[in-house]
Amino acid sequence: MGAVYVYRNKFDLSGTQLEPITMSLPRKISKGARFGGALGRLGDIDGDGFQEFAVGAPFENEGKGAVYVYRGSQTFQFDGELGNNCTCWTTI
C-alpha cells in the first residue's frame, strides 16, 4: 500500500503556510497496489474553477491497475466515497 499527502496554501497575517488535507481512501486498496505510485495534475477538467489530480495504483485490481481522479473543491476535503469527490477507473 502507498500514501499520498496533499497540502494547500493557507494565507494569513503571518505569511503563507502549508496546511495538510485529510483524505480517506475511496475504497479498500489491496495490499501491494502501490497507491500513490504515480501522480498527475489534471487541471480544471470539470470547469468548476478547482484543480483535479490523479493518483495511480499500478497493481490494484489483481495487477491490472487503477487510476483515482480526485476533484477539487472549495474546502478540498474528501469523504472517502466514490462518486462524491473521487472517481476510479480500472482496466477489465
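Residues numbered from 1 in each chain as written. Predicted model: local features only at pLDDT ≥ 70, side-chain atom pairs only at ≥ 80, totals over all residues. Heavy atoms only, no water.

Undergrad: Give a detailed account of the overall build of the protein, specifying residues and quantitative values.
TA: When its secondary structure is counted, the protein shows zero helices and six strands. Counting from the amino terminus, helix and strand elements in the protein follow one another as β-β-β-β-β-β. Here the protein, with 92 residues, has 28% of them falling under the buried criterion. Pairs at least 24 apart in sequence give 42% of the contacts found in the protein among residues at least 6 apart. (Helix = DSSP H or I, 4+ residues; strand = E, 2+ residues; numbered from the N terminus. Buried < 20%, exposed > 50% of the residue type's maximum accessible area, 1.4 Å probe, protein only. Contact = heavy atoms within 4.5 Å.)

Undergrad: A description of the environment of Gly63 should follow, citing residues and the corresponding values.
TA: Relative to the elements of secondary structure, Gly63 occurs in the loop between β4 (52–57) and β5 (66–70). Sequence separation of Gly63 and Ala33 is 30 residues, and the distance between their C-alpha atoms is 7.5 Å.

Undergrad: Talk me through the packing of aromatic side chains; I want residue IDs and the actual numbers.
TA: Inspection of every chain in the model, using the stated rule, returns two aromatic pairs. With centroids separated by 5.6 Å and ring planes inclined at 65°, the aromatic side chains of Phe35 and Tyr68 adopt a geometry described as edge-to-face. In this pair, Phe35 is assigned in the loop between β2 (15–21) and β3 (38–43) and Tyr68 in strand β5, connecting sequence segments 33 residues apart. You can call Phe35 buried: its relative accessible area is 4%. Classification of Tyr68 as buried rests on a relative accessible area of 0%. (Phe/Tyr/Trp six-rings, centres within 6.5 Å; stacked < 30°, edge-to-face > 60°.)

Undergrad: So what's going on with the nonpolar core? Which residues, and what values?
TA: The biggest cluster of nonpolar side chains holds twelve residues, and these are Val4, Val6, Ile21, Ile29, Ala33, Phe35, Phe53, Val55, Ala57, Ala66, Tyr68 and Tyr70. At the level of secondary structure, the elements contributing two or more residues to this core comprise β4 and β5. If near-sequence neighbours (up to four positions away) are discounted, Val55 is found in contact with Val4, Phe35, Gly36, Ala38, Leu39, Ala66, Val67, Tyr68 and Tyr70. (Core = buried A, V, L, I, M, F, W, Y, C linked by side-chain atoms within 4.5 Å.)

Undergrad: So what about the pairing of β2? Which residues, and what values?
TA: In terms of strand pairing, strand β1 (residues 6–12) meets β2 through seven bridges, oriented antiparallel. Within β2, the residue paired with Asp12 across the bridge is Gly15. As consecutive antiparallel partners, β1 and β2 are separated by two residues. (Pairing = 2+ DSSP bridges.)

Undergrad: Break down the side chain of Glu52 for me, with residues and values.
TA: Structurally, Glu52 can be placed in strand β4. Buried and unpaired, Glu52 has no salt bridge, with Arg71 as the nearest side chain of opposite charge at 6.4 Å. Within the local environment of Glu52, its side chain forms a polar contact with the backbone nitrogen of Ile45, the two atoms lying 2.9 Å apart. (Lys, Arg positive; Asp, Glu negative; His and termini not counted. Salt bridge = Lys/Arg side-chain N within 4 Å of Asp/Glu carboxyl O. Polar contact = N/O pair within 3.5 Å; in protein donor to acceptor, adjacent residues only side chain to side chain.)

Undergrad: Please give an account of unusual backbone geometry that cites residues and values.
TA: The phi angle at Asn61 is positive, at roughly 60°, despite the residue not being glycine. For Asn61, the position within the fold is in the loop between β4 and β5. On the accessibility criterion, Asn61 (27% relative accessible area) is partly exposed. Positive phi outside glycine occurs at Glu62, with the angle close to 55°. As for its position among the elements, Glu62 is in the loop between β4 and β5.

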